[in-house]
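# Chain and residue survey
As a plain string of letters, each chain reads:
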Amino acid sequence: MRAFYFDNIPGDQRLLHDSGSPVSDAFLKSIGVLHWHIPASQQDQIDAVAEERHCNNRDTVSVTKQGLGDLYEATLKIFYDEHMHEKEEIRYIIEGSGFFDVREHSSDSWIRCYLTAGDLFVLPAGIYHRFTLDENDMIKALRLFWDEPNWTHIHRDSLTDANPIRVDYLKGLGVN
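Source: prediction; values computed, not measured.

## So, the nonpolar core
The biggest cluster of nonpolar side chains holds 24 residues, and the ones touching the most others in it are Leu28, Ile31, Val33 and Ile111. Among the secondary structure elements, those contributing two or more residues to this core are helix 4 (72-80), strand 6 (89-103), strand 7 (110-116), strand 8 (119-123), strand 9 (129-133), strand 10 (138-145) and helix 6 (164-172). With sequence-adjacent residues up to four places away left out, valine 33 is seen in contact with Leu28, Val102, Phe121, Val122, Leu123, Pro124 and Ile127. In this structure, Leu34, Leu120, Val122 and Trp146 belong to the second largest nonpolar core, which totals 13 residues.

## Let's talk about the pattern of salt bridges
What the rule picks out here adds up to 15 salt bridges. We note a salt bridge from glutamate 88 to arginine 53, for which the minimum N-O separation is 2.5 Å. Pair noted here: glutamate 88 is in the loop between strand 5 (83-84) and strand 6 and arginine 53 is in the loop between helix 2 (43-52) and strand 4 (57-64), with a separation of 35 residues, a long-range link. Notably, a salt bridge pairs arginine 103 with aspartate 108, separated by 3.7 Å at the nearest N-O pair. Taking the relative accessible area as the measure of exposure, aspartate 108 reaches 37% and is therefore partly exposed. Sharing partners across several salt bridges, the network here consists of Glu82, Arg103, Asp108, Arg156 and Asp161.

## Brief notes about the environment of tryptophan 110
Position of tryptophan 110 among the secondary structure elements: in strand 7. With relative accessibility at 5%, the residue tryptophan 110 sits in the buried group. Separated by 10 residues in sequence, tryptophan 110 and phenylalanine 100 have C-alpha atoms that sit 9.7 Å apart. In contact with tryptophan 110, not counting residues within four places along its chain, are Phe4, Tyr5, Phe6, Asn8, Glu82, Asp101, Val102, Arg103, Tyr128, His129 and Arg130.

## Comments concerning the packing of aromatic side chains
One pass over the structure, following the stated rule, counts four aromatic pairs. Pairing phenylalanine 100 with phenylalanine 131 gives two aromatic rings, centres 4.9 Å apart and planes at 50°, and the pair type is tilted. Taken together, the residues span a long stretch of sequence, with phenylalanine 100 in strand 6 and phenylalanine 131 in strand 9 at a distance of 31 residues. Assigned by exposure class, phenylalanine 100 and phenylalanine 131 land together as buried. Over the aromatic face of phenylalanine 99 sits the side chain of arginine 112, whose NZ or CZ is 4.1 Å from the ring centroid. For arginine 130, the ring lying beneath its charged end belongs to phenylalanine 6, and the centroid distance is 5.0 Å.

## Concerning the side chain of arginine 143
Counting through the fold element by element, arginine 143 comes out in strand 10. A polar contact of 2.7 Å, which involves the side chain of arginine 143, links it to the side chain of aspartate 59.

## Examining helix 2
A turn of α-helix holds 3.6 residues, and therefore any two residues three or four places apart point the same way. Of the positions making up helix 2, those classed as buried are Ile46, Val49 and Ala50. When helix 2 is viewed along its axis, its buried side chains cluster within an angular range of 100° and face the same direction. Projecting away from the buried face of helix 2 at angles above 90 degrees are the exposed residues Asp44, Glu51 and Glu52. Tucked into the core, helix 2 has its buried residues touching strand 3 (34-37), strand 4, strand 6, strand 8 and strand 10. Immediately beyond the C-terminal end of helix 2, within one or two residues, lies histidine 54, with a positive phi of roughly 60°.

## A closer look at the state of the cysteines
Taken as a whole and assessed by the stated rule, the structure comprises zero disulfides. Residue cysteine 55 stays outside any disulfide, its sulfur separated by 19 Å from that of cysteine 113, the closest cysteine. When its relative accessible area of 10% is taken as the criterion, cysteine 55 is described as buried.

Conventions used here
Residues numbered from 1 in each chain as written. Predicted model: local features only at pLDDT ≥ 70, side-chain atom pairs only at ≥ 80, totals over all residues. Heavy atoms only, no water. Core = buried A, V, L, I, M, F, W, Y, C linked by side-chain atoms within 4.5 Å. Buried < 20%, exposed > 50% of the residue type's maximum accessible area, 1.4 Å probe, protein only. Helix = DSSP H or I, 4+ residues; strand = E, 2+ residues; numbered from the N terminus. Contact = heavy atoms within 4.5 Å. Salt bridge = Lys/Arg side-chain N within 4 Å of Asp/Glu carboxyl O. Phe/Tyr/Trp six-rings, centres within 6.5 Å; stacked < 30°, edge-to-face > 60°. Lys NZ or Arg CZ within 6 Å of the ring centre and 35° of its normal. Polar contact = N/O pair within 3.5 Å; in protein donor to acceptor, adjacent residues only side chain to side chain. Arc of directions from axis to C-beta. Disulfide = S-S within 2.5 Å.

Quick look at the structure:
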């Protein structure tokens, strides 16, 4: 995985948008974003992370232009809309690649995280983020869940800022 500040230049969201300012692993960890690179042959390491994070369920999702057909553009638009979740979001990239953009609270800047096959990525509950594919238009990911597979997102607005999960996330960062 490679992380950098998003350049905010208008254009295709699937382009790299690298500002030239890298973001360190230590900084990502300080905002609750965790990642590992685990080869597919080391399934036991993925299982260990799942157990550590109390994930009892998983599924696989594929996002491709061919697979989604007429729903492709609408689906990417939903994923790219800024949102948060009330539980951690955990993804292991099996094939393909894409971008998770996470919102840095202190500056309101986007940090773009470029994930490829073998990357395991954890977003904390309450962090604002969005997702898009890259120009390859394909990703296959393992999703880890606590309960039944469920992807419930809460779009960012003034009410979301007061969501107890969001408030707890900010308190964890030392923001009052």
